[in-house]
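Fold and geometry: a report
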Amino acid sequence: MENTDLKNLENYESGVGAAEASVSEDDLRFMEVAFAEAKLAEEIDEVPIGACIVRGGEVIARAHNTRESSKCATHHAEILAIEEACRVLGGWRLPDTTLYVTLEPCAMCAGAIINARIPRVVFSANDIRFGAMGSLIDLSEIPFNHKPEVRRGVKIEEGKNLLTEYFRRKRKK
């Protein structure tokens, strides 16, 4: 494991901001799908990050990190979920969808979200080192031709704990 991964442990523990007062039942339910994907990543010794894309109250795509096993830098959960949703919907635009992810998207993933025209993003844990939807930078606030609505901190404690425990176990190895 790289030293930067170990240093990130503190980034997930501290986070930035707090969850908003009210969270919809749908947000909680679909965030659980993203957490189930994160746990699949953890089972194959990947950083436990999961994502799902929902349209019309149904999950149309789900994925988890596979960067280590695939040896591909772009295999973040969000990118893989976006690719699957594009196949399901038959196009590169993903209207009327919401992306749920257990960790704040990085710049690459935020760019893909904007390019895919995903109207809404819901994430759990903040990432003050790489987060590109409010923590380090906020690509959703740059005046591109698409601006997704971003909901931060849904099940934030669960999100932080999942990552914190994963990196603690890695540190002990």
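I will try to describe carefully the structure that is included in this document. (Residues numbered from 1 in each chain as written. Predicted model: local features only at pLDDT ≥ 70, side-chain atom pairs only at ≥ 80, totals over all residues. Heavy atoms only, no water.)

Next up on the list: helix α5 (residues 107-115). Given 3.6 residues per turn, any residue in an α-helix points the same way as the ones three and four places further on. Among all positions of α5, only Cys109, Ala110, Gly111, Ala112, Ile113 and Ile114 are buried. Looking at the buried side of α5, the elements it contacts are α4 (77-89), β3 (97-103) and β4 (120-125). In the segment just after α5, arginine 117 is the residue with positive phi, at about 60 degrees. (Buried < 20%, exposed > 50% of the residue type's maximum accessible area, 1.4 Å probe, protein only. Helix = DSSP H or I, 4+ residues; strand = E, 2+ residues; numbered from the N terminus. Contact = heavy atoms within 4.5 Å.)

The next thing to look at is the packing of aromatic side chains. Evaluated as defined, the whole model comprises two aromatic pairs. Centre to centre, the rings of phenylalanine 30 and tyrosine 100 are 5.6 Å apart; their planes meet at 45 degrees, and the pair counts as tilted. Taken together, the residues span a long stretch of sequence, with phenylalanine 30 in helix α2 (residues 25-43) and tyrosine 100 in strand β3 at a distance of 70 residues. Each member of the pair, phenylalanine 30 as well as tyrosine 100, is classed as buried. The interplanar angle of 75 degrees and the centroid separation of 5.2 Å between the aromatic rings of tyrosine 166 and phenylalanine 167 together place this pair among those described as edge-to-face. Both residues of the pair, tyrosine 166 and phenylalanine 167, belong to the buried class. (Phe/Tyr/Trp six-rings, centres within 6.5 Å; stacked < 30°, edge-to-face > 60°.)

The next subject is the packing of α4 against α5. Where α4 contacts α5, the two axes come as close as 9 Å, and the packing angle between them is 25 degrees. For the element pair α4 / α5, the angle class is roughly parallel. Seen along the crossing, α4 lies across α5 with a hand that is left-handed. Taking contact as the criterion, the partners of Glu78, Ile79 and Ile82 in α4 are, on α5, Met108, Cys109, Ala112 and Ile113. For the contact of α4 with α5, a count of residues per class yields six nonpolar, no polar and one charged. (Axes fitted to C-alpha atoms, helices over the stretch in contact; angles between N-to-C directions. Parallel < 35°, antiparallel > 145°, perpendicular 65-115°, else oblique. Left-handed = near helix turned anticlockwise from the far one by under 90°. Nonpolar A, V, L, I, M, F, W, Y, C, P; charged D, E, K, R; others polar.)

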